[in-house]
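# Chains, contacts and geometry: an overview
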Amino acid sequence: APLMEIDPRSPVPKYAQLREILLDWIEESRLGVDDAVPSERELGLTYGLSRMTVRQTLDQLVDEGKLYRVPGKGTFVARPKIEMSLRLASFTEDMRARGFEPGSQDLARRVAPASGHLARVLGVAPGDPIHHLERLRTADGEPMAVERSNIPLALAPELDRHSLAGRSLYRLLEQEYNLLLDSGEQTIEAGLCDATDAKHLGLTAGSAVLLLQRRSYANGTCVELAISTYRADRYQLHSTLDARR
Ligand code: 16G
């Protein structure tokens, strides 16, 4: 393929033209994941651009998560983000389907009485005992999300007796308690990672994250309220859009 050039007469700003060029390199695999992008100086010389312009392009691509910087080393091609599943799938199922090895590390487990708010959300009485499970979820050993699950104790007594290390919670609920999750609702919003989750996820506090709240039901009964923090640098949402008829 012919090398793209910067067209000085184009109405498209130069930094945006360079962005297209670099994205082409990535899409055509001329630059692979973790490959170094030529330095600002080199790019400037090759394309006749000022260093300021080149930096603007690189900054933008870093902000978008297409590239990442290593201080003192340079700028590199980032891995493509994982498309977050918008089905009622378990983390384990979802990661396996993508060819990653799912993992789970217990951060905390306890039983505590439901606050008024939690009771309302779960449809139980305030003060009813609730399992709180806090887990770090990994894909091929890499931290991806912190998931906090709230499950009424009455629905899954002795859940705390079962180890969840390397095990699927949804599977366990199905096998041990006959709770087959069949519907749910979920909100997803942008947020900033707090210091605790940042430590678990290997991020800097204040990094962008996706905050998810999911309520899932088995046969009309709310089984789980999950409040989760997903890495925004590793996940994106994708949906198919049908025109309204
Ligand atoms: C998903 C769920 C989570 C659930 C987990 C069970 C969100 C947004 N989604 O990640 O609520 O606890 O699956 O996964 O948190 P597991 O069966 O692999 O333990």
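What you are looking at is a predicted structure, and each value in this text was computed from that prediction instead of being measured. (Residues numbered from 1 in each chain as written. Predicted model: local features only at pLDDT ≥ 70, side-chain atom pairs only at ≥ 80, totals over all residues. Heavy atoms only, no water.)

### Quick word on helix α3 (residues 51-63)
Heads up, the rule is: Helix and strand labels come from DSSP, where a helix needs a run of H or I of at least four residues and a strand needs a run of E of at least two; each type is numbered from the N terminus. Expected span of a helix: the number of residues minus one, times 1.5 Å. The cut-offs for exposure are 20% and 50% of the maximum accessible area for each residue type, with area from a 1.4 Å probe on protein chains only; residues under the lower value are buried, those over the upper are exposed, and the others partly exposed. It is the directions from the helix axis to the C-beta atoms whose arc is reported. Pairs of residues are marked as contacts when any of their non-hydrogen atoms sit within 4.5 Å.
Relative to the 18 Å expected for 13 residues at 1.5 Å per residue, α3 spans 18 Å between its end C-alpha atoms, a close match to the ideal helical length. All of the buried residues along α3 are T53, V54, T57, L58 and L61. The buried side chains of α3 occupy one side of the element, clustering within an arc of 130° when seen end-on. Facing away from the buried side of α3 by more than 90 degrees, the exposed set consists of M52 and D63. In this structure, the buried side of α3 is in contact with α1 (14-27), α2 (40-47), β1 (67-70) and β2 (74-77). Looking at the residues trailing α3, positive phi occurs at G65, about 85°.

### As for the sheet that holds strand β9 (residues 221-231)
Applicable threshold: One bridge is not enough; two strands pair if DSSP finds at least two bridges between them. Simply put, an axis is a line fit to the C-alpha atoms, just over the touching stretch for a helix, and the angle between two N-to-C directions goes from 0 to 180 degrees.
Reading across from one edge, β4-β5-β6-β9-β8-β7 is the order of the six strands in this open sheet, with antiparallel pairing throughout. Of all strands in the sheet, those bounded by a partner on one side alone are β4 (102-113) and β7 (183-192). Neighbour-to-neighbour, the strand axes of this sheet turn through a mean angle of 15°, independent of strand direction. Relative to β9, strand β8 (residues 208-218) is paired through ten bridges, and the arrangement is antiparallel. The residue of β9 that forms the bridge with L210 is Y230.

### Describing the packing of aromatic side chains
Applicable threshold: Pairing of aromatic side chains requires ring centres within 6.5 Å, counting the rings of Phe and Tyr and the six-membered ring of Trp. Pairs whose planes differ by under 30 degrees are stacked, by over 60 edge-to-face, and all others tilted.
The full count for this structure, using the stated rule, is two aromatic pairs. With a centroid separation of 5.6 Å and an interplanar angle of 25°, the aromatic rings of Y68 and F76 are classed as stacked. According to the relative accessible area criterion, F76 is buried, its value standing at 14%.

### Regarding helix α6 (residues 169-177)
The test is simple: Think of a polar contact as two N or O atoms within 3.5 Å of one another; within protein, one of them needs to be a possible hydrogen donor and the other a possible acceptor, and neighboring residues in sequence only count if both atoms come from side chains.
If you check which residues of α6 are buried, you get L169, Y170, L172, L173 and Y177. For α6, the arc enclosing every buried residue in end-on projection is 160°, short of the 170-degree limit, so these residues lie on one face. The residue sitting at the N-terminus of α6 and contributing the capping side-chain oxygen is S168; that oxygen lies 3.4 Å from the backbone nitrogen of Y170. Directly beyond the C-terminal end of α6, a positive phi value near 60° is found at N178.

### A few points about the environment of R231
Looking at where R231 falls in the secondary structure, it is placed in strand β9. We classify R231 as buried; its relative accessible area is 8%. Each C-alpha atom of the pair R231 and A198 lies 9.4 Å from the other, and the pair is 33 residues apart in sequence. Aside from chain neighbours lying at most four places away, what touches R231 is E142, P143, M144, L201 and L203. Here D233 takes part through its side chain, which lies 2.8 Å from a polar atom of the side chain of R231.

### So, unusual backbone geometry
Of note, the phi angle at S29 is positive, near 60°, even though the residue is not glycine. Of note, S29 is situated in the loop between α1 and α2. Under the relative-accessibility criterion, S29 is labelled exposed at 58%. One non-glycine residue, N219, adopts positive backbone phi at about 55°.

### Description of the site of the ligand
Quick reminder of the rule: One heavy atom within 4 Å of a molecule or strand is enough for the residue carrying it to be called near that molecule or strand. The method works on a 1 Å grid over the protein atoms by themselves. A cavity is a set of points holding a 1.4 Å probe that cannot get out, a pocket is an open set with protein on both sides within 12 Å along at least five of seven lines, and residues with an atom within 4 Å of a point line them. For this analysis, a molecule is said to be in a pocket or cavity if more than half of its atoms are within 2 Å of the grid points defining it.
Of all residues adjacent to the ligand, which total 19 residues, the nearest are T92, E147, S168, E224 and S228. E147 is positioned with one of its side-chain polar atoms (N or O) 2.4 Å from an oxygen atom of the ligand. One of the side-chain N or O atoms of S149 is found 3.5 Å from an oxygen atom in the ligand. Under a 2 Å grid-point criterion requiring more than half of the atoms, the pocket assigned to the ligand is the largest cavity. Contributing elements (two or more residues each) for the shell around the ligand: α4 (91-97), β5 (129-139), β6 (142-152), α6, β8 and β9.

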